[in-house]
Amino acid sequence: MRFDLVDLQLFIAVADSHSITRGAQRVHLALASASARIKGLEQALGASLLKRVRRGVELTAAGESLLDHARIVIHQVEAMRGDLAAYASGTKASVHMLANTSGLSVHLPKALGAFLREYPDINVDVEERESDEIVAAIASGTVELGFAAEHALPDNLERFLFTEDRLVLVSARRSAFAGRRLIDFQAVAGHDFVGLTNATALNLHIARHAARRGMRIRFRARLRDFDAICQLAAADVGIAVVPEVAARRCARSMPIAITGIRDAWTNRKLVICARSFKALPRPARQLAEYLRKAARH
């Protein structure tokens, strides 16, 4: 069988986008070249891999099998590159990680700082995404590690618990919620909010659950920092939903009230996840093990 890594990368892109055209664009190939490569794959394997449908293409049974193997091959190649990068003259190894808002803003910085001090030859690139996007990226092999809410993970992704993250309501001490220990999220309908910007994963998570209850959140201000959000809540500009860890920290220096929210979606287990921790490139595996130890303390 004659095919190369570009063929496999193209096939993964086509499978993920359900389109030969969009798949070709993702791997920067002309449509004619992409079509020829797919045809060559089918001839080499002796099986049809794709079937055309109204809105693009779907995988055949043979295509599904090839997709699983292609992801493993590409992942192993990336693992090889990661392992060897640490030995390249004058360069550092790099780990690509995705994290949700709480992880990036509250839970990861301390552990990452300690890791980077201990491993000066490893760089870490962390991007913010929603947990659902993190899962998709891990499954497709485009990133090595994720920090996500466990409820979003399928059974086939490996994970370990890093921390539990409870979302709470923050308000001014003179607000109507200040004296209450617990409320239903529905009780905040119609109140002004202070929150995160639209692009943040946590804001999308809150907005999704509000929409399921027929609620429309009205924001007086949007910011990217929990401390700034709590300062505006303290000034009674609006109420806010933030991680309890951030709220407790801010309460030490700000006149805010913290109220628990009964809704189950506000209690989240946050995990470090990967397709396979053992198969990770060495730098990513070192980071995962460091975070696993940090989670125990």
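Here the structure is shown first, and the text comes after it.
Residues numbered from 1 in each chain as written. Predicted model: local features only at pLDDT ≥ 70, side-chain atom pairs only at ≥ 80, totals over all residues. Heavy atoms only, no water.

Quick rundown of the overall build of the protein? Include the residues and the values.
What the protein contains, in helices and strands, is 10 helices and 12 strands. For the protein, the C-alpha atoms occupy an extent of roughly 70 × 50 × 30 Å along the three principal directions. Expressed as a percentage of the 297 residues in the protein, the buried residues total 46%. Long-range pairs, those at least 24 residues apart, make up 75% of the contacts in the protein between residues at least 6 apart in sequence. Summed over all atoms, the accessible surface of the protein reaches about 15,300 Å², with 49% contributed by carbon and sulfur. The averaged location of the 31 negative side-chain charges in the protein is 4 Å from the averaged location of its 42 positive side-chain charges. (Helix = DSSP H or I, 4+ residues; strand = E, 2+ residues; numbered from the N terminus. Buried < 20%, exposed > 50% of the residue type's maximum accessible area, 1.4 Å probe, protein only. Contact = heavy atoms within 4.5 Å. Areas by Shrake-Rupley, 256 points an atom, 1.4 Å probe, with all protein chains shown as cover. Lys, Arg positive; Asp, Glu negative; His and termini not counted. Charge placed at Lys NZ, Arg CZ, Asp CG, Glu CD.)

Just give me the short version of the side chain of His 205, but keep the residues and values in it.
Along the chain, His 205 turns up in helix 7 (residues 201–212). Apart from residues lying up to four places away in sequence, His 205 is in contact with Glu 130, His 151, Leu 167, Trp 265 and Arg 268.

How would you sum up empty space enclosed by the protein? Please name residues and give values.
As enumerated under the stated definition, the model contains 2 cavities of 30 Å³ or more in all. Considering only enclosed or pocket space, the largest cavity measures out at about 110 Å³ in volume. Considering the residues around the largest cavity, the lining is formed by 13 residues, among which Glu 130, Ser 131, Ala 201, His 205 and Arg 268 are closest to the centre. Every element with two or more residues in the lining of the largest cavity is listed here: helix 5 (101–118), helix 6 (131–140) and helix 7. Among the elements that make up the lining of the largest cavity, the one with the highest residue count is helix 7 (4 residues). For the lining of the largest cavity, a count of residues per class yields 3 nonpolar, 6 polar and 4 charged. (1 Å grid on protein atoms, 1.4 Å probe; cavity = no way out; pocket = protein on both sides within 12 Å on 5 of 7 lines; lining within 4 Å. Points joined across faces, edges and corners; volume = space filled by probe spheres on them. Nonpolar A, V, L, I, M, F, W, Y, C, P; charged D, E, K, R; others polar.)

Let's hear about the pairing of strand 6 (residues 158–172): which residues, and what values?
Looking at chain direction, strand 6 and strand 12 (residues 267–274) are connected through 8 bridges and run antiparallel. Along strand 12, the bridge assignment pairs Phe 160 with Ile 272. Relative to strand 10 (residues 240–243), strand 6 runs antiparallel, the two sharing 4 bridges. Within strand 10, the residue paired with Leu 167 across the bridge is Pro 243. Where strand 6 and strand 11 (residues 256–261) come together, 5 bridges link them in antiparallel fashion. Across the sheet, the residue bridging to Ala 172 is Ile 256, located in strand 11. (Pairing = 2+ DSSP bridges.)

Requested: an account of the packing of helix 8 (residues 226–234) against helix 9 (residues 244–251), with residues and values cited.
It is the contact of helix 8 with helix 9, at a shortest axis distance of 10 Å, that shows an interaxial angle of 60°. Classed by the angle they form, the pair helix 8 and helix 9 counts as oblique. Seen along the crossing, helix 8 lies across helix 9 with a hand that is right-handed. Listed contacts from helix 9 to Phe 226, Asp 227 and Cys 230 of helix 8 are Ala 246, Arg 249 and Cys 250. (Axes fitted to C-alpha atoms, helices over the stretch in contact; angles between N-to-C directions. Parallel < 35°, antiparallel > 145°, perpendicular 65-115°, else oblique. Left-handed = near helix turned anticlockwise from the far one by under 90°.)

Which residues make up the packing of aromatic side chains, and what values do they have?
Evaluated as defined, the whole model comprises 7 aromatic pairs. Centre to centre, the rings of Phe 115 and Tyr 290 are 5.5 Å apart; their planes meet at 70°, and the pair counts as edge-to-face. A residue pair is termed long-range when its members are at least 10 positions apart, and Phe 115 in helix 5 and Tyr 290 in helix 10 (residues 282–295) qualify at 175 residues. Take Phe 115: its relative accessible area is 0%, and that puts it in the buried class. Since its relative accessible area comes to 19%, Tyr 290 is described here as buried. Aromatic side chains Phe 185 and Trp 265 sit 5.1 Å apart centroid to centroid with 90° between the ring planes, which places their arrangement in the edge-to-face category. Of this pair, Phe 185 sits in the loop between strand 7 (182–183) and strand 8 (192–196) while Trp 265 sits in the loop between strand 11 and strand 12, and the two are 80 residues apart along the sequence. Its relative accessible area of 8% is what places Trp 265 among the buried residues. Here a set of aromatic residues connected by ring pairs shows up, and it is made of Phe 115, Tyr 119 and Tyr 290. For Arg 292, the ring lying beneath its charged end belongs to Phe 277, and the centroid distance is 5.3 Å. (Phe/Tyr/Trp six-rings, centres within 6.5 Å; stacked < 30°, edge-to-face > 60°. Lys NZ or Arg CZ within 6 Å of the ring centre and 35° of its normal.)

So, the nonpolar core: which residues are in play, and what are the values?
With 35 residues, the main nonpolar core has Leu 169, Val 170, Phe 185, Val 188, Phe 226, Val 241 and Val 242 as its most contacted residues. The element contributing the most residues to this core is helix 8, with 5 residues. Those residues in contact with Val 170 that sit more than four places away from it in its chain are Cys 230, Ala 233, Ile 239, Ala 240, Val 242, Ala 247, Ile 256 and Ala 257. If you look at the next biggest cluster of nonpolar residues, it comprises 25 residues, including Ala 93, Leu 112, Ile 122 and Leu 270. (Core = buried A, V, L, I, M, F, W, Y, C linked by side-chain atoms within 4.5 Å.)

Explain the pattern of salt bridges residue by residue, including any values.
Scanning all chains against the criterion turns up 15 salt bridges. Where Arg 262 meets Asp 184, a salt bridge forms, and the shortest distance between an N and an O atom there is 3.6 Å. Of the two residues, Arg 262 sits in the loop between strand 11 and strand 12 while Asp 184 sits in the loop between strand 7 and strand 8, which places them 78 residues apart along the sequence. The salt bridge partner of Asp 263 is Arg 213, with a shortest N-O separation of 3.1 Å. (Salt bridge = Lys/Arg side-chain N within 4 Å of Asp/Glu carboxyl O.)

It is worth stressing that arrangement in space is one thing and function is another; only the former is reported here.
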